[in-house]
Amino acid sequence: MSNESSDGASDSPNGKSEITNHQEPNGTSTKSGKEKASEWARKLYGFLSQSLGRTGIIVGVVLLVILAFAAFFVVDKILSFYLTKGYVEQIGDAFDLNRNLVRALVLASFVIVVYFGNAAWSFSRRKRMIGIAGILALLIGHSLVLWVATRQQFFNREGAATKCYVVTRDGSVTYGERVGIDPATGRQCRPVTAEVLERLREYEKGKRPQLVTSNEPVFFEPRTGEPVVWYYRSKNNGIEIFDLMGFHPETGEELLPVDKDTVEAWKAQTKARLARIPKRVDPKEYAFFDARSGTPRAWYWKDKAGHYEFFDSPGFHPLTGQTLLVVTPEIVDESRSKVEPRVPKAVDIKTATPFDPQTGETRLWFSRDAKGQLEFFDGPGFNPKTGVKLEPFTRSVMEQWQNDLKEQQEKIERERRQRAEEVERFRREQAEREAAEKEKQAAQEAAERDRVAREKERISRAANDCDTLAGNPNDTQHVGSGTSFDSLKAQAREAVTACDLAVTQNPNQSRFRYQLARALHWTDRPRAASILERLVREGYPAAYDNLGWLYLTERKNPQMAMRLFQEGMARGDSDSIVSLVEMIDRGHLQVANPAAEKAKLLCRAAQLGHQAAQLSCQTALAEAQRAEQERQQQLQAQQMMLQIMGGAISNIPRR
């Protein structure tokens, strides 16, 4: 294949060469734009070569390149800054951020954008990937952040709606992003406005549309012109308006927001409804025509049976909705010629006159019911209850009625006597039952009195029995002789029963609670400990000794036991003093002179009236005196030994 010619010819798709030079109508050819540009470039280069020389051209080109790069750098940074500013300000507006915080975020984001932008133009493939990825991340993140900020917003800063709504039949509201047909429900997704949003919240809370009964409602919000009323148009073009969106309570069809045409149609409908409503008149009393002018003053309606109804004004029949027609003399005559059949009325034969006094003709008609009873009426016809044809009243019927009435009265009298006999029998039986009930109640009351008396006697003995069976002879508050602790063991259960009752009857008497705890020591020691601890808190003297022995024997706590014995001794309890003597014997209480200390304690207990201590006091004093003598003798012997040893040591020669 040969090379392309200099005149611009090239191979065409159909195999023929095409001429690229344009030809003028006069046959002369013109040069193409590309050739003209090449010619101007050669002329410019020749001019610069002559003016600046080859070196000057190179320097000029270098300067132009530097200036181009500088201009590109400055423009790039300015564009980056304003792009970043718009980027961040959109986010700040979406989240309603403070302007100072937005300014700080703009500067920080600008640094990030510059970094990723420079990396995107790097010669390093890795840096270019980082720059491109960073820019993509910023762009995607910008959209995602705006989505998070605006997904719950219904309006933008300019107040325009950003969401639409669809009301569902289950009482909820779904929100969409685009106005139009909702793909899920197939219903219109309408824009959310400030006025509609308030009513949507009410609908979601369970409020439902109510029919507006006012004749002058507010259809549109005065500030925005948005509709605040919804309507339903029936098949006969009747319009009903409601105060909330939703569905019609009877037809279930969705209510639509009102528009200007709907409002005008509703007002016209209301105006017609508020016009004077025709009232039905009595044709026997009402004047159909004006007496002076003869103008008709009535309108009529005729049913299929030919019956007329007359009204005092034009309009529509309230039941059928048909137009009322103006009356004419012919209509009046025709209506008066149709006499309505007279409906027979029920009468009471006791007050009615069955026959005409002059002619003897009957004035009553009758029929029989299912029980054979007669019903009387004042004219012929049919019984309005049963539809049975009425028969004329005759003398034979009257005699039969009188006989029936007599039998009925006799039956009523027999029933009255039977009821009186039944009432008398019932009264007699009732009196007998009441007498038997009273006798039974009296016997029960006597038995109850005996039981109460025995219970009172037992209760009154409980205090004495408690003192006798469980009283502590050494208790400063005891009553009676009491019993020793060892003797109490054999009668513990009986004592617990008596003292429980005594405590119930005398809850504020500490003595009975102490004696109950003393008896419980042999049957229920945990309960005994609980009662004694409360008595100790109340400061009852005798309780310290009993609780101390429980701590010593049951809880294995001699230190607590000694502390309780010492507190009991401080409160004047002789048993606690004797127990301290026992603690010395057992080695739990260490004293310098055990015999003297024991004698001292026993004698103190004896002074408080402790019988066993009174018997042991003198013996303990004698033992203490003998022990003191032995101690003195031991001291004297020790002194003699010390003197002998001292003399022997003093005779040892010293060096």
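Residues numbered from 1 in each chain as written. Predicted model: local features only at pLDDT ≥ 70, side-chain atom pairs only at ≥ 80, totals over all residues. Heavy atoms only, no water.

A. How the structure looks around the overall build of the protein chain. When you go through the protein chain residue by residue, the secondary structure sums to 16 helices and 19 strands. Counting only residues that meet the buried cut, the protein chain has 30% of its 655 residues in that class. For the protein chain, the proportion of contacts with a sequence separation of at least 24, taken over those separated by at least 6, is 51%. For the protein chain, the exposed area adds up to about 45500 Å²; of that, 54% sits on carbon and sulfur atoms. (Helix = DSSP H or I, 4+ residues; strand = E, 2+ residues; numbered from the N terminus. Buried < 20%, exposed > 50% of the residue type's maximum accessible area, 1.4 Å probe, protein only. Contact = heavy atoms within 4.5 Å. Areas by Shrake-Rupley, 256 points an atom, 1.4 Å probe, with all protein chains shown as cover.)

B. Spatial organisation of the side chain of arginine 513. As for its placement among the helices and strands, arginine 513 is situated in helix H10 (residues 510–520). Take arginine 513: its relative accessible area is 10%, and that puts it in the buried class. Engagement of the side chain of arginine 513 in a polar contact is seen with the side chain of glutamate 538, the distance being 2.9 Å. Apart from residues lying up to four places away in sequence, arginine 513 is in contact with Val503, Pro507, Ile531, Arg534, Leu535 and Glu538. (Polar contact = N/O pair within 3.5 Å; in protein donor to acceptor, adjacent residues only side chain to side chain.)

C. Structural view of the state of the cysteines. Inspection of the entire model under this criterion finds three disulfides. Sulfur-sulfur distance for the disulfide between cysteine 164 and cysteine 189 comes to 2.0 Å. Handedness here is read from the sign of the S-S torsion; for cysteine 164 and cysteine 189, about 90 degrees, the answer is right-handed. Of this pair, cysteine 164 sits in strand S5 (residues 164–167) while cysteine 189 sits in strand S8 (residues 188–191), and the two are 25 residues apart along the sequence. One exposure class covers both cysteine 164 and cysteine 189, and it is buried. Across a sulfur-sulfur distance of 2.0 Å, cysteine 603 and cysteine 617 are joined as a disulfide pair. Between cysteine 603 and cysteine 617, the S-S torsion sits near 95 degrees, and that sign places the bridge as right-handed. Here cysteine 603 is found in helix H15 (residues 594–607), whereas its partner cysteine 617 is found in helix H16 (residues 611–650), with 14 residues between them in sequence. (Disulfide = S-S within 2.5 Å.)

D. The arrangement of helix H14 (residues 574–586) in detail. Across its 13 residues, H14 extends 19 Å between first and last C-alpha, which sits within 8% of the 18 Å expected from 1.5 Å per residue. Of all the positions in H14, only Ser574, Asp575, Ser576, Ile577, Ser579, Leu580, Val581, Met583 and Ile584 are classed as buried. In this fold, the buried residues of H14 make contact with helix H12 (541–553), helix H13 (558–570) and H15. (Expected span 1.5 Å × (residues − 1).)

E. Spotlight on the packing of aromatic side chains. Across all of its chains, the model carries nine aromatic pairs by this definition. A ring pair is formed by phenylalanine 288 and phenylalanine 310, whose centres lie 4.8 Å apart and whose planes are at 65 degrees; its orientation type is edge-to-face. Residue phenylalanine 288 is found in the loop between strand S12 (280–281) and strand S13 (299–302), and its partner phenylalanine 310 is found in strand S14 (residues 308–311); the two are separated by 22 residues along the sequence. Overall, phenylalanine 288 belongs to the buried group, its relative accessible area being 4%. (Phe/Tyr/Trp six-rings, centres within 6.5 Å; stacked < 30°, edge-to-face > 60°.)

F. Quick peek at the pattern of salt bridges. Taken as a whole and judged by the stated rule, the model has 13 salt bridges. Between glutamate 309 and arginine 280 there is a salt bridge; the shortest N-O distance is 3.8 Å. On the criterion of sequence distance, the pair formed by glutamate 309 in strand S14 and arginine 280 in strand S12 is long-range, its members being 29 residues apart. Relative accessible area serves as the criterion here: at 57%, arginine 280 is assigned to the exposed category. Aspartate 585 is the partner of lysine 598 in a salt bridge, and the nearest nitrogen-oxygen pair spans 2.6 Å. Pair noted here: lysine 598 is in helix H15 and aspartate 585 is in helix H14, with a separation of 13 residues, a long-range link. (Salt bridge = Lys/Arg side-chain N within 4 Å of Asp/Glu carboxyl O.)

G. Geometry of the packing of H12 against H14. Where H12 meets H14, the closest approach of the two axes is 9 Å, and the angle between their N-to-C directions is 30 degrees. Of the possible angle classes, the one that applies to H12 and H14 is roughly parallel. Both H12 and H14 take part in a crossing whose hand is left-handed. Listed contacts from H14 to Tyr544, Asp545, Trp549 and Leu552 of H12 are Asp575, Ser576, Ser579, Glu582, Met583 and Arg586. Looking at the contact of H12 with H14, its residues break down into four nonpolar, two polar and four charged. (Axes fitted to C-alpha atoms, helices over the stretch in contact; angles between N-to-C directions. Parallel < 35°, antiparallel > 145°, perpendicular 65-115°, else oblique. Left-handed = near helix turned anticlockwise from the far one by under 90°. Nonpolar A, V, L, I, M, F, W, Y, C, P; charged D, E, K, R; others polar.)

H. Up close: the pairing of strand S10 (residues 239–242). Across four bridges, the pairing between strand S9 (residues 230–233) and S10 is antiparallel. In the strand pairing of S10, tyrosine 231 is matched with isoleucine 241. Connecting S9 to the next strand, S10, in antiparallel fashion are five residues, including asparagine 237 with a positive phi near 70 degrees. (Pairing = 2+ DSSP bridges.)

I. Fine view of the sheet that holds strand S6 (residues 173–176). Pairing is antiparallel in the open sheet, where four strands are placed in the order S6-S5-S8-S7. Looking at strand neighbours, the two that pair on one side only are S6 and strand S7 (180–181), the edges of this open sheet. With two bridges joining them, S5 and S8 adopt antiparallel strand pairing. Its bridge partner lying in S8, cysteine 164 is registered against proline 191.

J. Structural context of the sheet that holds S9. Across the sheet, three strands lie side by side as S10-S9-S11; this open sheet has antiparallel pairing. With partners counted over all chains shown, the strands left at the sheet margins are S10 and strand S11 (256–257), one partner each. Across two bridges, the pairing between S9 and S11 is antiparallel. The partner of tryptophan 230 across the bridge, within S11, is proline 257.

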